[in-house]
Amino acid sequence: MSLQNEEAEVIIKVKRFSPEKGNWWQEYKLKVDRFTQFTEALRRIKTEQDPTLAYRAACHMAVCGSCGMKINGEPRLACKTLVLDMVKKYESNVITIEPMDYFRPIKDLIVDLDDFYQRMYKVKPRLYPNEQVLKGEAEHRLKPEDQRMLWKFAQCIWCGLCVSSCPSVRNDPEFLGPAAHAKGFRFLADPRDTITEEREKILLDSAWRCTYCYMCYNVCPRDVEPVTAIKKTRAYTKIAKVKTPIIETGEKHTEAVFNSIFESGKIEEAKVYLSTYGLIGSLRDMIFLLQSGKLKYALIKEKPVENITEVRKILRGE
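**Points about the packing of helix α8 (residues 178-188) against helix α11 (residues 226-234)**
Link 1 in the chain: Direction vectors running N to C along α8 and α11 enclose 50°, while the axes themselves pass 8 Å from each other. In terms of axis orientation, α8 runs oblique to α11. Crossing angle aside, the handedness with which α8 passes α11 is left-handed. For the pair α8 and α11, the contacting residues are Pro178, His181, Ala182, Phe185 and Leu188 in the first and Pro226, Ala229, Ile230, Lys232 and Thr233 in the second.
Link 2 in the chain: When grouped by side-chain class, the residues that make up the contact of α8 with α11 number seven nonpolar, two polar and one charged.

See the structure below:
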């Protein structure tokens, strides 16, 4: 059978929702070919089998971001995902589709994105040029090297997949989320922008709340790498005029990790933790470690790695 003629019958299980009935699963059978996207599969289900099914989709080209959902538990764009690719990946013709996590469901696969948009607008996602440019007396030029650096972070399509998979967003209401940081850094690092100090106040504290789980990196359909934007944002801490307790703790942690690697070539977690939070701040966790019998592991004295002098040369930039 040629690739163009490849076909299969699949069962798509959709996690549905309505305010009146709550959640329930519903199955649909349909035949798909090698080029059937999930947006096409959902369109056929809605037009041929069940007109009550609700979902979002617009461009079908992975640029509008409206068709974000979970497919077999993975946050994905439905238009960018082929049905048979998922069948082959999981070796099953039964596929589950659910609304994105974190967001409040409205109906079936449609979720409330108001919170997401509020986070995005909080970082002021547009350029603020100087007065001469606004008056038409001058123009802004962007160097090619600056454009290359900014381009990746400008590709965010506001789909919300990274936020739906981010544990820090769920656990810390002060964390802006990966998408907002990608968009915020795109303007923070733009040399044409005039509100750098204001952007630092908006972004820096939040940047130090990221746990670097890399889920945003894994699920982004445009390879934006929000976690990279967060790392680059943290670099602005050096020039920040105002530093919150979260920022100060983050700086202490970074310094503690550096010192640990410089001394032993390893990250000695107990020593790093004590250096970051201090003895008093660490007492509660030390009590927990003592009760669980794990304190002995924190007290292990690590031996320096071989050729530690070479490691130190690297850290010193020699």
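**Notes on the nonpolar core**
Nonpolar side chains tend toward joint burial in soluble globular proteins.
Link 1 in the chain: One finds Ile12, Phe38 and Leu77 to be the most contacted residues of the largest nonpolar core, which totals 61 residues.
Link 2 in the chain: Ranked by residue count, the leading element in this core is α8, at five residues.
Link 3 in the chain: Those residues in contact with Ile12 that lie beyond four places of it in its chain are Gln26, Glu27, Tyr28, Leu30, Phe38, Ala41, Ile45, Ile95 and Ile97.

**Re the packing of helix α3 (residues 114-122) against α8**
Link 1 in the chain: It is the contact of α3 with α8, at a shortest axis distance of 8 Å, that shows an interaxial angle of 25°. In terms of their interaxial angle, α3 and α8 are classed as roughly parallel. As α3 runs across α8, the sense of the crossing is right-handed. In contact with Phe116, Arg119 and Met120 of α3, α8 contributes Ala179, Ala180 and Lys183.

**Things to note about the pattern of salt bridges**
Link 1 in the chain: With the rule as written, the count across this model stands at 27 salt bridges.
Link 2 in the chain: The residue Arg76 makes a salt bridge to Glu74 at a minimum N-O spacing of 3.0 Å.
Link 3 in the chain: With a closest N to O distance of 2.8 Å, Arg104 and Asp112 form a salt bridge.
Link 4 in the chain: Asp112 gets classed as buried once you look at its relative accessible area, which sits at 17%.
Link 5 in the chain: Within this structure, Arg16, Asp50, Lys107 and Asp108 form a network of salt bridges that share partners.

**Digging into the environment of Glu302**
Link 1 in the chain: One can find Glu302 in the loop between α14 (295-298) and α15 (308-316).
Link 2 in the chain: Since its relative accessible area comes to 31%, Glu302 is described here as partly exposed.
Link 3 in the chain: In the structure, Glu302 is positioned 216 residues away from Met86 in sequence and 46 Å away in space, judged by C-alpha atoms.

**Looking at the sheet that holds strand β3 (residues 68-71)**
By way of backbone hydrogen bonds, the strands of a sheet pair with one another, either parallel or antiparallel.
Link 1 in the chain: The strand order β2-β1-β5-β3-β4 describes an open sheet built from five strands, whose pairing is mixed. On the outer flanks of this sheet lie β2 (22-33) and β4 (74-77), each paired with one strand and no other. Neighbour to neighbour, the strand axes of the sheet diverge by 35° on average, direction disregarded.
Link 2 in the chain: Sheet contacts for helix α1 (residues 38-49): β1 (7-18), β2, β3 and β5 (94-98); angle to β2, the most-contacted strand, approximately 105°.
Link 3 in the chain: Together, β1, β2, β3, β4 and β5 form the strand contacts of helix α2 (residues 83-90), whose direction differs from that of β4 by roughly 160°.

**Concerning the state of the cysteines**
Link 1 in the chain: Summed over the entire model, instances satisfying the criterion amount to zero disulfides.
Link 2 in the chain: Unpaired in terms of disulfides, Cys64 finds its nearest cysteine sulfur in Cys59, a separation of 3.5 Å.
Link 3 in the chain: Of the cysteine sulfurs around Cys79, a residue in no disulfide, the closest is that of Cys67, at 3.7 Å.

**A word on α11**
Link 1 in the chain: Among all positions in α11, only Pro226, Val227, Ala229, Ile230, Thr233 and Arg234 are buried. End-on view of α11: buried residues confined to an arc of 155°, all on one side of the axis.
Link 2 in the chain: Contact partners of the buried residues in α11: α8, α9 (196-207) and α10 (215-219).

**Quick notes on the pairing of β5**
Link 1 in the chain: Here four bridges tie β1 to β5, and the two strands are oriented parallel to one another. Within the sheet, the bridge partner assigned to Val14 lies in β5 and is Ile97.

**Brief notes about unusual backbone geometry**
Link 1 in the chain: The phi torsion at Ala62 lies on the positive side, around 60°, for a residue other than glycine.
Link 2 in the chain: Along the chain, the position of Ala62 falls in the loop between α1 and β3.
Link 3 in the chain: Looking at Ala62, the relative accessible area reads 10%, which means it is buried.
Link 4 in the chain: Even without being glycine, Tyr214 reaches a positive phi, approximately 70°.
Link 5 in the chain: Mapped onto the elements of the fold, Tyr214 is located in the loop between α9 and α10.
Link 6 in the chain: In this structure Tyr214 comes out as partly exposed when scored by relative accessible area, which is 29%.

Calculation criteria
Residues numbered from 1 in each chain as written. Predicted model: local features only at pLDDT ≥ 70, side-chain atom pairs only at ≥ 80, totals over all residues. Heavy atoms only, no water. Axes fitted to C-alpha atoms, helices over the stretch in contact; angles between N-to-C directions. Helix = DSSP H or I, 4+ residues; strand = E, 2+ residues; numbered from the N terminus. Parallel < 35°, antiparallel > 145°, perpendicular 65-115°, else oblique. Left-handed = near helix turned anticlockwise from the far one by under 90°. Contact = heavy atoms within 4.5 Å. Nonpolar A, V, L, I, M, F, W, Y, C, P; charged D, E, K, R; others polar. Core = buried A, V, L, I, M, F, W, Y, C linked by side-chain atoms within 4.5 Å. Buried < 20%, exposed > 50% of the residue type's maximum accessible area, 1.4 Å probe, protein only. Salt bridge = Lys/Arg side-chain N within 4 Å of Asp/Glu carboxyl O. Pairing = 2+ DSSP bridges. Disulfide = S-S within 2.5 Å. Arc of directions from axis to C-beta.

All quantities given are derived from atomic positions and should not be read as evidence of function.
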